[in-house]
Amino acid sequence: MSDFNLASSYIYALTGDPNTVCDFRCIHDKDKGVPAHNFRGSLADTWATLCQYNNNGYGIFCTINAMDGNGRDNTNVHHIRTHVIDLDDAMTAQASYNLAVNFQPQPSFAVQTSPGKYHVYWLVEPYTGNDFYTQQQRKLAQVFNSDKKIIDAARVLRIPGF
């Protein structure tokens, strides 16, 4: 069952406005050979479509940084709005999460993605520069023992509520 309020709260936490136009990606959860589908719009405008895909076995994801609407590659990143770590190692995730929430500066928000696993977000003043973003992401991954693949500015992460 999809939860619009939870998904909307996530978009609000990420962007400051639940009506922000976002880039969504529907990726089949079981069969990675099934093509993914991309949608752009506000959560409210795309909700019915996203729910339909979710009901058909797709995970619903969103780009964490603002895109230009012309594609979904790093060249299409309009500006950076957040840095994030993905704590999915069952052996270290809880300790890394505890370290992150007590770090200075403190994270803006966190999402528990499954028991003992987290995405932790630091919102930033909007800036451009994918190379700087990648450098910072690598540093965060090293400090917090997070997923080292989460370094690209066009990254999508799963939206809570689906």
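Reading the values: rules and limits
- Residues numbered from 1 in each chain as written.
- Predicted model: local features only at pLDDT ≥ 70, side-chain atom pairs only at ≥ 80, totals over all residues.
- Heavy atoms only, no water.
- Salt bridge = Lys/Arg side-chain N within 4 Å of Asp/Glu carboxyl O.
- Helix = DSSP H or I, 4+ residues; strand = E, 2+ residues; numbered from the N terminus.
- Buried < 20%, exposed > 50% of the residue type's maximum accessible area, 1.4 Å probe, protein only.
- Pairing = 2+ DSSP bridges.
- Axes fitted to C-alpha atoms, helices over the stretch in contact; angles between N-to-C directions.
- Contact = heavy atoms within 4.5 Å.
- Core = buried A, V, L, I, M, F, W, Y, C linked by side-chain atoms within 4.5 Å.
- 1 Å grid on protein atoms, 1.4 Å probe; cavity = no way out; pocket = protein on both sides within 12 Å on 5 of 7 lines; lining within 4 Å.
- Points joined across faces, edges and corners; volume = space filled by probe spheres on them.
- Nonpolar A, V, L, I, M, F, W, Y, C, P; charged D, E, K, R; others polar.
- Patch = residues over 30% accessible without salt bridge, like charges linked within 9 Å, V, L, I, M, F, W, Y side chains within 5 Å.
- Areas by Shrake-Rupley, 256 points an atom, 1.4 Å probe, with all protein chains shown as cover.
- Expected span 1.5 Å × (residues − 1).
- Polar contact = N/O pair within 3.5 Å; in protein donor to acceptor, adjacent residues only side chain to side chain.

**Some points on the pattern of salt bridges**
Summed over the entire model, instances satisfying the criterion amount to three salt bridges. Note that Arg 40 and Asp 23 form a salt bridge whose closest N and O atoms lie 2.5 Å from each other. Residue Arg 40 is located in strand E2 (residues 37-41), and its partner Asp 23 is located in strand E1 (residues 22-28); the two are separated by 17 residues in the primary sequence. Owing to a relative accessible area of 12%, Asp 23 belongs among the buried residues under this scheme. Among the salt bridges present, the one from Arg 158 reaches Asp 29, with a minimum N-O distance of 3.0 Å. With Arg 158 in strand E8 (residues 156-158) and Asp 29 in the loop between E1 and E2, the pair connects residues that are 129 residues apart, well separated along the chain.

**Describing the sheet that holds E8**
Strands pair in a sheet through their backbones, by hydrogen bonds, and they do so in one of two ways: parallel or antiparallel. Taken together, the four strands give an open sheet; going across it, the order is E2-E1-E3-E8, and neighbouring strands pair in antiparallel fashion. Of all strands in the sheet, those with a lone pairing partner are E2 and E8, marking the two edges. Strand-to-strand, the axes of this sheet are offset by a mean angle of 30°, without reference to chain direction. Taken together, the three bridges between strand E3 (residues 58-63) and E8 define a ladder with antiparallel strand orientation. Residue pairing across strands places Thr 63 opposite Val 156, the latter belonging to E8. Where helix H2 (residues 43-55) meets the sheet, it contacts E1, E2 and E3, and its direction lies at approximately 160° from that of E2.

**Here's the deal with the nonpolar core**
Counting 30 residues, the largest nonpolar core has Tyr 10, Phe 24, Ile 64 and Tyr 121 as its most contacted members. Sorting elements by how many residues they give to this core places H2 first, with five residues. Setting aside chain neighbours within four positions, we find Phe 24 in contact with Ile 11, His 37, Asn 38, Phe 39, Gly 41, Ser 42, Leu 43, Thr 46, Leu 50, Phe 61, Cys 62 and Ile 159.

**Considerations on the layout of surface pockets**
By volume, the largest pocket is sized at about 480 Å³. Lining the largest pocket are 23 residues, with Phe 61, His 119, Val 156, Leu 157 and Arg 158 positioned closest to its centre. By residue number, the principal contributor to the lining of the largest pocket is strand E6 (residues 109-114), which donates four residues. Looking at the lining of the largest pocket residue by residue, the class counts come to 10 nonpolar, five polar and eight charged.

**Let's talk about a nonpolar patch on the surface**
Taken together, the side chains of Leu 99, Phe 103 and Val 143 make up a nonpolar region of the molecular surface, amounting to roughly 240 Å² of accessible area. Positionally, Val 143 belongs in helix H4 (residues 130-144).

**Quick notes on helix H1 (residues 4-15)**
Taking 1.5 Å as the rise per residue, H1 with 12 residues should run 16 Å; its terminal C-alpha atoms sit 16 Å apart, in good agreement. Backbone nitrogen of Asn 5 and a side-chain oxygen of the N-cap are separated by 3.1 Å at the start of H1; the cap is Asp 3. One or two residues past the end of H1 sits Gly 16, with phi positive at roughly 90°.

**Re the sheet that holds E6**
Read across the sheet, four strands follow the order E4-E5-E7-E6 without closing on themselves; strand pairing throughout is antiparallel. Taken across any chain shown, the strands that pair with only one partner, and hence form the sheet edges, are strand E4 (66-67) and E6. Sheet topology places E4 next to strand E5 (residues 77-87); two bridges connect them, and they run antiparallel. Across the sheet, Ala 66 pairs through a bridge with His 79, a residue of E5. Packing against the sheet, H4 makes contact with E5 and strand E7 (117-127), and its axis sits at approximately 10° to E5.

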